[in-house]
Amino acid sequence: MEKRLLDSILKNTFEFNKNNVILKNDLEKDLIKSRRYYRNEGIIFKPSKNTDEKGTYIKQEYEKLHRLYTIDPEHTVKPYALVLDTNNNSLDYLGYFMEFVEGMDLSDYMIDHNTRNKARDRFIMYQIKEAVSKFHSNGDYHGDIHENNIRITENYNIKIIDPYIWEKKSNRSRIKLDNEEVRVLSRLMYNNKKNETYLGKPLMYG
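Draft legend 1. Molecular detail of the sheet that holds strand β8 (residues 150-152). The antiparallel open sheet is built from three strands, whose spatial order is β7-β8-β9. Either end of the sheet is taken by a strand with one partner, and the two such strands are β7 (104-105) and β9 (158-160). Where β7 lies against β8, two bridges are found, and the strand directions are antiparallel. Note on β8: the bridge partner recorded for Asp105 is Arg151.

Put into structure tokens, the structure is as follows:
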């Protein structure tokens, strides 16, 4: 299927400070006005928050997602490019484009009793544990492993999205956080009926 918008973005992307970026002025008007899902194009735009000074956090998030994707592209959503605004003699990161994963969030899967079965549950949890283990083996972490940050494809493969930047935690604490969130997620998965009221809420620790 032709993906005109994605092709245009990739064509206008260039390397800046070791990141793939695209200038806001090279994009179609209003393309990044708000969080947008371009399902037919296979992309999503994730904007920086209003409180994010010059897009510092969104830049760090993009860089982390890129590292995690490099470590485990099979289980991590693909980041395409940061959007850079160079107006007013300033450099502001407005957000980034990433791969759109057709399917559902893990939170939706976990309450879909017509779709779920034990074999699928085990397969999904195996992939989550495998991905997190790969991150840690390569000296990195995700920082926010919960059921709304994991997409499930129609083949029940997983794609992890939206890493979190824990600036005031040691690597050991960050890895411990990942592992604890995976353990809690596993308990939610295998004891769903007792834990349905917790679904959809981030598993935050530390």
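After that view, the rundown keeps rolling.
Draft legend 2. Inspection of the layout of surface pockets at higher detail. Each pocket or cavity is described by its volume, and for the largest pocket that value is around 290 Å³. Contributing to the lining of the largest pocket are 14 residues, with Lys46, Lys49, Tyr57, Glu61 and Tyr164 lying nearest its centre. The set of elements that each furnish at least two residues to the lining of the largest pocket consists of β4 (43-47) and α2 (56-71). Sort the elements by how many residues they give to the lining of the largest pocket and α2 lands first, with three residues. For the lining of the largest pocket, a count of residues per class yields five nonpolar, three polar and six charged.

Draft legend 3. The arrangement of the packing of helix α4 (residues 118-137) against helix α5 (residues 171-190) in detail. Between α4 and α5, the least distance of the axes is 11 Å, while the angle of their chain directions is 180 degrees. Here α5 runs roughly antiparallel to α4, going by the angle between their axes. Contacts between α4 and α5 involve Asp121, Arg122, Ile124, Met125, Ile128, Lys129, Val132 and His136 on the former and, on the latter, Ile175, Asp178, Asn179, Val182, Leu185, Ser186, Met189 and Tyr190. Tallied by class, the residues present in the contact of α4 with α5 amount to nine nonpolar, three polar and four charged.

Draft legend 4. Fine view of helix α1 (residues 4-11). All buried positions along α1 are accounted for by Leu5, Leu6 and Ile9. When α1 is viewed along its axis, its buried side chains cluster within an angular range of 95 degrees and face the same direction. Contacts from the buried residues of α1 go to β2 (19-23), β3 (36-38), β4, β5 (79-85) and β6 (92-99).

Draft legend 5. Examining the pattern of salt bridges more closely. Across all of its chains, the model carries eleven salt bridges by this definition. Across the pair Lys134 and Asp72 runs a salt bridge whose closest N-O atoms are separated by 3.8 Å. With Lys134 in helix α4 and Asp72 in the loop between α2 and β5, this pair connects stretches of sequence that are 62 residues apart. Judged by relative accessible area, Lys134 falls into the partly exposed class, the value being 29%. Taking relative accessible area as the criterion, Asp72 reaches 2% and is therefore assigned buried. Put simply, Glu180 and Arg183 hold a salt bridge, and the shortest N to O gap is 2.7 Å. Of this pair, Glu180 and Arg183 both sit in helix α5, three residues apart, roughly one helical turn. Since its relative accessible area comes to 23%, Glu180 is described here as partly exposed. Judged by its relative accessible area of 43%, Arg183 is partly exposed. Salt bridges linked by common partners bring Lys46, Glu61 and Asp162 together as one network.

Draft legend 6. The arrangement of the packing of aromatic side chains in detail. The full count for this structure, using the stated rule, is five aromatic pairs. Here Tyr57 and Tyr164 contribute two aromatic rings whose centre-to-centre distance is 6.0 Å and whose plane-to-plane angle is 55 degrees, an arrangement assigned as tilted. In this pair, Tyr57 sits in helix α2 while Tyr164 sits in the loop between β9 and α5, placing the two residues 107 residues apart along the sequence. An aromatic cluster of at least three residues, connected via ring pairs, comprises Tyr57, Tyr164 and Trp166. The ring centre of Tyr141 lies 3.6 Å from the NZ or CZ of Lys64, which sits over that ring. Stacked on the ring of Trp166, the Lys or Arg Lys169 has its end atom at 5.1 Å from the ring centre.

Cut-offs used in this document
- Residues numbered from 1 in each chain as written.
- Predicted model: local features only at pLDDT ≥ 70, side-chain atom pairs only at ≥ 80, totals over all residues.
- Heavy atoms only, no water.
- Pairing = 2+ DSSP bridges.
- Helix = DSSP H or I, 4+ residues; strand = E, 2+ residues; numbered from the N terminus.
- 1 Å grid on protein atoms, 1.4 Å probe; cavity = no way out; pocket = protein on both sides within 12 Å on 5 of 7 lines; lining within 4 Å.
- Points joined across faces, edges and corners; volume = space filled by probe spheres on them.
- Nonpolar A, V, L, I, M, F, W, Y, C, P; charged D, E, K, R; others polar.
- Axes fitted to C-alpha atoms, helices over the stretch in contact; angles between N-to-C directions.
- Parallel < 35°, antiparallel > 145°, perpendicular 65-115°, else oblique.
- Contact = heavy atoms within 4.5 Å.
- Buried < 20%, exposed > 50% of the residue type's maximum accessible area, 1.4 Å probe, protein only.
- Arc of directions from axis to C-beta.
- Salt bridge = Lys/Arg side-chain N within 4 Å of Asp/Glu carboxyl O.
- Phe/Tyr/Trp six-rings, centres within 6.5 Å; stacked < 30°, edge-to-face > 60°.
- Lys NZ or Arg CZ within 6 Å of the ring centre and 35° of its normal.

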